[in-house]
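Descriptive structure summary
So the chains spell out like this:
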Amino acid sequence: MNTTIEFRPVEQVETDALIVPVFEGVKEERFGAGELADAGELTGKSLELTLLHHPPGVAAKRVLLAGAGKPEKFDPAELRRLCGAAARHLRAKSIRKIAVALDPAHASEEYVAAAVEGAILGDFEPDRYKTDENKKSVESFTVVAPEASPGLEAALERGRVLAEAQNFTRGLVNEPANRFTPSTMAGTARQMASERGLECEVLGREEMEKLGMGALLGVAQGSAEPPALIVIRYKPTAGASKSHLGLVGKGVTFDTGGISIKPADGMEKMKYDMAGAAAILGAMRAIAELKPAIPVTAFLPCVENMPGSRAQRPGDIVTAMSGKTIEVINTDAEGRLILADALTYARGQGCTHLVDAATLTGAIVVALAHLNVGLFANDDAMRDRVLAAARAEGERMWAMPLEDDYKEYLKSAFADLANVGGRWGGAVTAAVFLKEFAGDTPWVHLDIAGTAWLDDAKPYLAKGPSGVPVRTLVRLAMEWKE
Ligand code: BES
Ligand code: ZN
Ligand code: ZN
């Protein structure tokens, strides 16, 4: 999609369809819309869409009046949804050149970026493997502001980079496991890195053995597909930074559960068990373009969790890279095993702050449904940094407890800890397990099992991969203060 910004009055915009936000309780008199409002057909309720053809007094062929909700509640997140819903609505009618008019009160950087993001994200469809459809997409999207002001062009560009990175992630998450293995992930990472000037290194089985990554290798051993630990490095060109941010992403390209096999019903969804790794790959792609001041390194442990004849069994005891022994009570709790070694490795590589993203537990879906990412932290300042970035990006996250007392649940009679903690508080005990490997490094764990995949389409977003938390991770790096 081609994105541009124009500075001119609404009436002069030449486009196939001009999106105009309409607020609840504010009567829209322009475009001959007063009559619609009087008839109760135009309320301004959030995401209500009304398409007008050749409205009087404007150059645009059509005006799409788009409900923006109550003015006092309007924010960039609402505009992002509005532009997404409008783009999807117009595209379905094969209207491909569209624009949105921002009023003077909302012609600021955050709103410009959000508008572009909404359109690009709304235009994404996970239809790569559909051959028989005439695929529709938006050709150009223009943000129209009443007058030029500094920073708006850069904001447009930032929004484009972020949304394209998020769609890149969504495309990867949607890849089926027969076409997307740990090796494919490594190839994709290598290509992305070389296109954008990042360093990329991939550790294979032998290197992992040398490093003593017994927890990661234990998960990998049930599959014919070899594991990969992908490391991608972004280094800022100028200035020495005291901090070094490490991003760790769960990359299980398919999770059958292993010997503790999952029920057949819904198992096809487990191709998205690499959404954490894919989100971090997307974030690195944007980071390479937006160039934050802090060095950022991604660590993506990738495996396929299969019940092959060499698979690990319940009761097996593995030794993690940190030296801790783990009794594998349930082979389906594999994410924490691969992350344990990746976290240890990241600390050894000099990361001073860590964030991991993982589709880790069904329990987080029980706790928070599909609305909030579950956020766990061993450090209040780090928690607040991530929460602030998430809030600014409209990616909802909720802080969960991570008290030491929960460690009780992970006791094993035969090893230092068990990989599962019993029936209750499953998302918390999973996080407490990871905490053992984050040590004293300030760290945040994001459980995205409920939010990385939308079971139902929204007016502004297709069904399937959401691309959460790409934008939060990028903003965290961009706004880093020592
Ligand atoms: N990948 C799953 C978690 C998951 C569940 C993601 C549902 C998305 C939707 C993870 O590896 C897993 O299987 N976790 C188990 C842990 C249990 C065995 C303690 C779970 O949540 O059931
Ligand atoms: Zn599992
Ligand atoms: Zn899993």
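Scoring rules and cut-offs
- Residues numbered from 1 in each chain as written.
- Chains lettered and ligands numbered in written order.
- Predicted model: local features only at pLDDT ≥ 70, side-chain atom pairs only at ≥ 80, totals over all residues.
- Heavy atoms only, no water.
- Helix = DSSP H or I, 4+ residues; strand = E, 2+ residues; numbered from the N terminus.
- Rg over C-alpha atoms; globule rule 2.2 N^0.38 Å.
- Contact = heavy atoms within 4.5 Å.
- Areas by Shrake-Rupley, 256 points an atom, 1.4 Å probe, with all protein chains shown as cover.
- Lys, Arg positive; Asp, Glu negative; His and termini not counted.
- Charge placed at Lys NZ, Arg CZ, Asp CG, Glu CD.
- Pairing = 2+ DSSP bridges.
- Near = heavy atom within 4 Å.
- Polar contact = N/O pair within 3.5 Å; in protein donor to acceptor, adjacent residues only side chain to side chain.
- 1 Å grid on protein atoms, 1.4 Å probe; cavity = no way out; pocket = protein on both sides within 12 Å on 5 of 7 lines; lining within 4 Å.
- Points joined across faces, edges and corners; volume = space filled by probe spheres on them.
- Donors = N, O, S within 2.8 Å, 3.2 Å for Na, K, Ca; no water.
- Tetrahedral: all angles 85-135°; square planar, octahedral: opposite > 155°, others 65-115°.
- Buried < 20%, exposed > 50% of the residue type's maximum accessible area, 1.4 Å probe, protein only.
- Axes fitted to C-alpha atoms, helices over the stretch in contact; angles between N-to-C directions.
- Nonpolar A, V, L, I, M, F, W, Y, C, P; charged D, E, K, R; others polar.

**Observations concerning the overall build of the protein chain**
Of regular secondary structure, the protein chain possesses 13 helices and 20 strands. On C-alpha atoms alone, the protein chain measures out to a radius of gyration of 24 Å, which is about the 23 Å that the 2.2 N^0.38 rule sets for 482 residues. The principal-axis extent of the C-alpha atoms belonging to the protein chain is close to 80 × 50 × 40 Å. Contacts in the protein chain between residues at least 24 apart in sequence constitute 78% of all its contacts with a sequence separation of at least 6. In the structure as shown, the protein chain presents an accessible area of about 19,600 Å², 49% of it carried by carbon and sulfur atoms. For the protein chain, the separation between the mean place of its 54 positive charges and that of its 65 negative charges on side chains is 2 Å.

**Focus on the sheet that holds strand β12 (residues 317–319)**
One open sheet accounts for three strands, arranged β12-β13-β17; its pairing is mixed. Two strands in the sheet have a free side with no partner beyond their single neighbour: β12 and β17 (417–418). Pairing between strand β13 (residues 325–327) and β17: two bridges, direction parallel. Bridge pairing in β17 places E327 opposite A418.

**Quick word on the site of ligand 1**
The environment of ligand 1 is made up of 16 residues, and the closest members are K262, D273, D332, E334 and G362. Note that a nitrogen atom of ligand 1 is positioned 2.9 Å from one of the side-chain N or O atoms of D273. Contacts to ligand 1 include T359, whose backbone N or O atom sits 3.4 Å from a nitrogen atom. Look at ligand 1: alone it shows 510 Å² of surface, and the protein chains cover 78% of it.

**Quick notes on the environment of F23**
Here F23 shows up in the loop between β2 (17–22) and α1 (34–38). For the pair formed by F23 and T184, sequence separation is 161 residues and the distance between their alpha carbons is 47 Å. Excluding anything up to four places from it in sequence, F23 contacts T43, G44, A68, G69, K70, P71, F74, D103 and H106.

**Here we look at empty space enclosed by the protein**
Inspection of the entire model under this criterion finds one cavity of 30 Å³ or more. The calculated volume of the largest cavity comes to roughly 30 Å³. Around the largest cavity sit G218, V219, G258, I259, N305, M306, A311, Q312 and T331, which together line it.

**Description of the coordination of the zinc ion (ligand 2)**
Put simply, a metal with four donors set out as a tetrahedron has ideal angles of 109.5 degrees, and one with six donors set out as an octahedron has ideal angles of 90 or 180 degrees. Ligation of the zinc ion (ligand 2) by protein atoms is provided by D255 (OD), D332 (O), D332 (OD) and E334 (OE), these donors lying 2.0 to 2.2 Å from the ion. Geometry at the zinc ion (ligand 2) is irregular, judged from the six donor atoms that bind it and their angles of 69 to 166 degrees at the metal. Taken in chain order, the donor set of the zinc ion (ligand 2) reads D-x76-D-x1-E. The metal-metal distance between the zinc ion (ligand 2) and the zinc ion (ligand 3) is 3.2 Å, with D255 coordinating both. Here the residue D255 occupies a position in strand β10 (residues 251–255), and D332 occupies one in the loop between β13 and α9 (335–348), the gap between them amounting to 77 residues. Residue class for D255 comes out buried when judged on its relative accessible area of 2%.

**Brief notes about the coordination of the zinc ion (ligand 3)**
Looking at the metal site, the zinc ion (ligand 3) is ligated by K250 (NZ), D255 (OD), D273 (OD) and E334 (OE), spaced 2.0 to 2.4 Å from it. Each of the six donor atoms bound to the zinc ion (ligand 3) contributes to angles spanning 78 to 172 degrees, and the resulting shape is octahedral. All donors of the zinc ion (ligand 3) belong to a single chain; written as a sequence motif, their spacing is K-x4-D-x17-D-x60-E.

**As for the sheet that holds strand β1 (residues 2–7)**
The pairing of strands in a sheet happens through backbone hydrogen bonds and is either parallel or antiparallel. As summarised here, the arrangement of the six strands in space is β1-β6-β5-β2-β4-β3, forming an open sheet in which the pairing is mixed. Two strands bound the open sheet, and with one partner strand each, they are β1 and β3 (49–53). Within this sheet the neighbouring strands show an average axis-to-axis angle of 25 degrees, counted without direction. Two elements, β1 and strand β6 (residues 140–145), share six bridges in a ladder whose sense is parallel. Its bridge partner lying in β6, F7 is registered against A145. Together, β1, β5 (97–101) and β6 form the strand contacts of helix α3 (residues 109–122), whose direction differs from that of β6 by roughly 160 degrees. Each of β1 and β6 touches helix α4 (residues 152–174); the most contacted strand, β1, lies at about 160 degrees to it.

**Considerations on the layout of surface pockets**
A volume near 730 Å³ is recorded for the largest pocket. In terms of lining residues, the largest pocket is bounded by 32 residues, among which K262, D332, T361, G362 and A363 are the most central. Of all the elements in the fold, those that place two or more residues in the lining of the largest pocket are α10 (363–368) and α12 (426–438). Element by element, the count of residues in the lining of the largest pocket is highest for α10, at three residues. Here the lining of the largest pocket is built from residues that sort into 11 nonpolar, 11 polar and 10 charged. In this model, the second largest pocket occupies a volume close to 570 Å³. Lining the second largest pocket are 22 residues, with R81, G394, Y460, L461 and V468 sitting closest to its centre. Going through the elements one at a time, α2 (76–92) and α3 are the ones with two or more residues in the lining of the second largest pocket. Examining the composition of the lining of the second largest pocket, we find that four residues originate from one element, α2, more than from any other. Of the residues in the lining of the second largest pocket, the class split is eight nonpolar, eight polar and six charged.

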